[in-house]
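Residues per chain are reported as follows:
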Amino acid sequence: MIREGQIYSNTRKFVITSVSLKWVVVLFQGGSVYRHTRKRFEKCNFELIAEYPTWQEAVNSREFRL
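My aim in this report is to walk through the structure given alongside it, one point at a time. Everything numeric here is computed off the predicted structure, so don't read it as measured data.

Focus on the side chain of S61
Link 1 in the chain: Within the element layout of this structure, S61 appears in the loop between α2 (55–59) and α3 (62–65).
Link 2 in the chain: Its relative accessible area of 5% is what places S61 among the buried residues.
Link 3 in the chain: A polar side-chain atom of S61 sits 3.3 Å from the main-chain amide nitrogen of F64.

Laid out in structure tokens, this is it:
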């Protein structure tokens, strides 16, 4: 299940900052923000690295900063 505060990786690391019925908003390490449709995001094979209670904690985590 997709939730705020999850850190994923494909070629770059990103954090889920917002989830709605239709959209998933992600923040990349470089600071760029991208909005995926939820359906498309769920079809992608991203690697889940870590989970935190909030996206702010995830952004400040060791896993995201490295």
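Looking at the packing of aromatic side chains
Link 1 in the chain: Throughout the structure, instances matching the rule amount to 7 aromatic pairs.
Link 2 in the chain: A ring pair is formed by F14 and F46, whose centres lie 5.1 Å apart and whose planes are at 80°; its orientation type is edge-to-face. Here F14, found in strand β2 (residues 13–19), pairs with F46, found in the loop between α1 (38–43) and β5 (47–51); they are 32 residues apart in sequence, far enough to count as distant. With respect to burial, F14 and F46 carry one shared label: buried.
Link 3 in the chain: Linked through ring pairs, Y8, F14, F28, F41 and F46 together constitute an aromatic cluster.

A word on the side chain of S9
Link 1 in the chain: Position of S9 among the secondary structure elements: in strand β1 (residues 6–9).
Link 2 in the chain: Residue contacts for S9: discarding those within four places in its chain leaves F14, F46, E47 and I49.

Remarks on the sheet that holds strand β3 (residues 23–28)
Link 1 in the chain: One open sheet accounts for 5 strands, arranged β4-β3-β2-β1-β5; its pairing is antiparallel. At either end of the open sheet lies a strand with only one pairing partner, and these are β4 (33–37) and β5. Taking each pair of neighbouring strands and ignoring which way they run, the sheet shows an average axis angle of 35°.
Link 2 in the chain: Bridge analysis of β2 against β3 gives 5 bridges, and the strand direction is antiparallel. Across the sheet, V19 pairs through a bridge with V24, a residue of β3.

Thresholds applied
- Residues numbered from 1 in each chain as written.
- Predicted model: local features only at pLDDT ≥ 70, side-chain atom pairs only at ≥ 80, totals over all residues.
- Heavy atoms only, no water.
- Helix = DSSP H or I, 4+ residues; strand = E, 2+ residues; numbered from the N terminus.
- Buried < 20%, exposed > 50% of the residue type's maximum accessible area, 1.4 Å probe, protein only.
- Polar contact = N/O pair within 3.5 Å; in protein donor to acceptor, adjacent residues only side chain to side chain.
- Phe/Tyr/Trp six-rings, centres within 6.5 Å; stacked < 30°, edge-to-face > 60°.
- Contact = heavy atoms within 4.5 Å.
- Pairing = 2+ DSSP bridges.
- Axes fitted to C-alpha atoms, helices over the stretch in contact; angles between N-to-C directions.

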